[in-house]
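Spelled out, the chains give:
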Amino acid sequence: EMCIRDRVSLRPDRRDTLLGMGKYCEELPLLASCAYGPLVEQGGMARGVGMAYDAYEPFISFMGKLACQKHRDTLLKDFVPSTGLVSKLESGELVVADFGCGEGVAPLLIAEAFPKTRVVGLDINDDALSTATTMAKQKNLSNVTFENCDLSDAASVAKHAESFDWITAFDSIHDQTEPTVALRCAHSMLKKNGHFSMIDIKADSDIFVNKQNNGFSPFLYSVSFMHCLPIGMGADGRGAGLGMMWGEQRAMEMLKSVGFEVEVSPIPGDAFNVHYLCRKT
């Protein structure tokens, strides 16, 4: 019997890429079940229209579980220490918000680890916010709250003008139909000298550079085509449609255009993402 190593070969530099993909293998079948029909068979993408967020319920549920586990594994151990904000979180000097908090894993972890810090989770999914609020009560956390906040709604944003010292957004900005508006909101909701941590995909804005240098790029472009791009376009096709592979150059341009000073750095233990640490001056 021929061993598989006699039939296939793998470049040594792609070995770690393959080994790191196991937990993500469910994504493409789930996305195909949600999106292939509307986008491809029914010609949605060819007509220039995307899809509504709630059309992806099975995928959203899976990704929520994946994100929860990732936060539990790395948020407090790796990410928060890399920001340089730990001492201020410990002393309660900061008021923190998380954009697109979902079921609140990141805000809950931060609130539990830093009981003197006030944390607010913001999302548009009432079911997720209800789950997050229930979890906060179960953990007896009085320093975290959850609110429905639509970043495209001026009144919601005005309510929180210059309210926060640190805002986080984990892989959520590239899915926005109006990402520049979302970035302006982050800027307006920060206090002077406040920080915005945008955690997003590690990529170049040039597809050919990604093809050459990023071993994950075929997978990432596939996910982006079936989820991030159509979500960002919206069901009416009027959204920006950035996709997750918008890349560092475009991200930097957009962040600076709304008034941020920006530093980009890797995230310990995270092969997929980089940290855009932005400061409001």
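Keep in mind that what you see is a predicted model, and the values were worked out from it rather than measured.

Colleague: It is not clear to me how the environment of Lys 211 should be interpreted in this structure. Could you clarify?
Modeller: Residue position: Lys 211 is located in helix 9 (residues 207-213). Considering only alpha carbons, one finds Lys 211 and Gly 37, 174 residues apart in sequence, at a separation of 27 Å.

Colleague: In this structure, what is going on with unusual backbone geometry? I would like to understand it.
Modeller: With a phi close to 50 degrees, Asp 171 is a non-glycine residue in the positive phi region. Counting through the fold element by element, Asp 171 comes out in the loop between strand 4 (164-170) and helix 8 (179-189). Since its relative accessible area comes to 28%, Asp 171 is described here as partly exposed. Located in the positive-phi region is Asn 193, a residue other than glycine, with phi close to 70 degrees. By the element assignment, Asn 193 lies in strand 5 (residues 190-201).

Colleague: What should I look at first to understand the side chain of His 187 in this one?
Modeller: Residue placement: His 187 occurs in helix 8. In this structure, His 187 is in contact with Val 258, Gly 259, Phe 260 and Lys 280, ignoring residues within four places of it in sequence.

Colleague: Looking at this structure, I do not really get the environment of Cys 101. What am I missing?
Modeller: Relative to the elements of secondary structure, Cys 101 occurs in the loop between strand 1 (95-99) and helix 5 (105-113). In the structure, Cys 101 is positioned 56 residues away from Val 157 in sequence and 16 Å away in space, judged by C-alpha atoms. Discounting residues that sit within four places of it in the chain, Cys 101 has contacts with Pro 107, Gly 121, Leu 122, Asp 123, Leu 129 and Phe 146.

Colleague: Explain the pattern of salt bridges to me, please; I cannot follow it from the model alone.
Modeller: Opposite charge on two side chains permits pairing when their charged atoms draw close. Throughout the structure, instances matching the rule amount to six salt bridges. Measuring nitrogen to oxygen at the nearest pair gives 3.4 Å for the salt bridge that ties Lys 191 to Asp 165. Of this pair, Lys 191 sits in strand 5 while Asp 165 sits in strand 4, and the two are 26 residues apart along the sequence. The exposure class of Asp 165 is buried, given its relative accessible area of 15%. In this structure, the salt-bridge partner of Glu 261 is Arg 279, at a minimum N-O distance of 3.1 Å. Here Glu 261, found in strand 6 (residues 260-267), pairs with Arg 279, found in strand 7 (residues 270-280); they are 18 residues apart in sequence, far enough to count as distant. For Arg 279, a relative accessible area of 28% puts it in the partly exposed group.

Colleague: Help me understand helix 5 in this model?
Modeller: Every α-helical turn comprises 3.6 residues, leaving residues that sit three or four positions apart pointing alike. Most of helix 5 sits inside the fold, with seven of its nine residues counted as buried. On the buried face of helix 5, the contacting elements are helix 3 (57-83), strand 1, strand 2 (118-123), helix 6 (126-138), strand 3 (144-148) and strand 4.

Colleague: Can you help me understand the confidence of the model for the protein in this one?
Modeller: Low-confidence regions, as indicated by low pLDDT, have predicted coordinates that should not be scrutinised in detail. Averaged over every residue, the pLDDT of the protein is 89; residues scoring 70 or more account for 92%. Looking over the protein, one finds the lowest element-wise mean pLDDT in helix 1 (residues 15-19), namely 55, and the highest in helix 11 (residues 247-257), namely 98. Overall, residues 1-5 carries pLDDT values under 50, and its contacts beyond four positions in sequence, including any with other chains, amount to one contact.

Colleague: How do you make sense of the pairing of strand 7 when you look at a structure like this?
Modeller: For a regular strand, the rule is simple: side chains alternate between the two faces of the sheet. Here strand 7 lies mainly inside the structure; nine of its 11 residues are buried. Where strand 6 folds back on strand 7, the antiparallel hairpin that results is connected by two residues, among which Gly 269 adopts a positive phi of roughly 75 degrees.

Colleague: Please clarify how the packing of helix 3 against helix 5 should be interpreted in this entry.
Modeller: Think of two packed helices as two axes; the pair is described by the angle between the axes and how far apart they sit. As a packed pair, helix 3 and helix 5 sit with axes 9 Å apart at the nearest point and diverge in direction by 35 degrees. Crossing of helix 3 over helix 5 shows right-handed handedness. Seen from helix 3, the contacting residues are Cys 68, His 71, Arg 72, Leu 75 and Leu 76; seen from helix 5, they are Val 105, Ala 106, Leu 109, Ile 110 and Ala 113. Residues belonging to the contact of helix 3 with helix 5 are distributed by class as follows: eight nonpolar, one polar and one charged.

Colleague: Explanation requested: the environment of Gly 121 in the structure shown.
Modeller: Turning to its location among the elements, Gly 121 is positioned in strand 2. What makes Gly 121 buried here is its relative accessible area of 0%. Between the C-alpha atoms of Gly 121 and Val 96, which are 25 residues apart in sequence, the distance is 8.5 Å. Dropping the residues within four chain positions of it, Gly 121 is found in contact with Asp 98, Cys 101, Pro 107, Leu 129, Thr 145, Phe 146 and Glu 147.

About the thresholds
Residues numbered from 1 in each chain as written. Predicted model: local features only at pLDDT ≥ 70, side-chain atom pairs only at ≥ 80, totals over all residues. Heavy atoms only, no water. Helix = DSSP H or I, 4+ residues; strand = E, 2+ residues; numbered from the N terminus. Buried < 20%, exposed > 50% of the residue type's maximum accessible area, 1.4 Å probe, protein only. Contact = heavy atoms within 4.5 Å. Salt bridge = Lys/Arg side-chain N within 4 Å of Asp/Glu carboxyl O. pLDDT = per-residue confidence, 0-100. Pairing = 2+ DSSP bridges. Axes fitted to C-alpha atoms, helices over the stretch in contact; angles between N-to-C directions. Left-handed = near helix turned anticlockwise from the far one by under 90°. Nonpolar A, V, L, I, M, F, W, Y, C, P; charged D, E, K, R; others polar.

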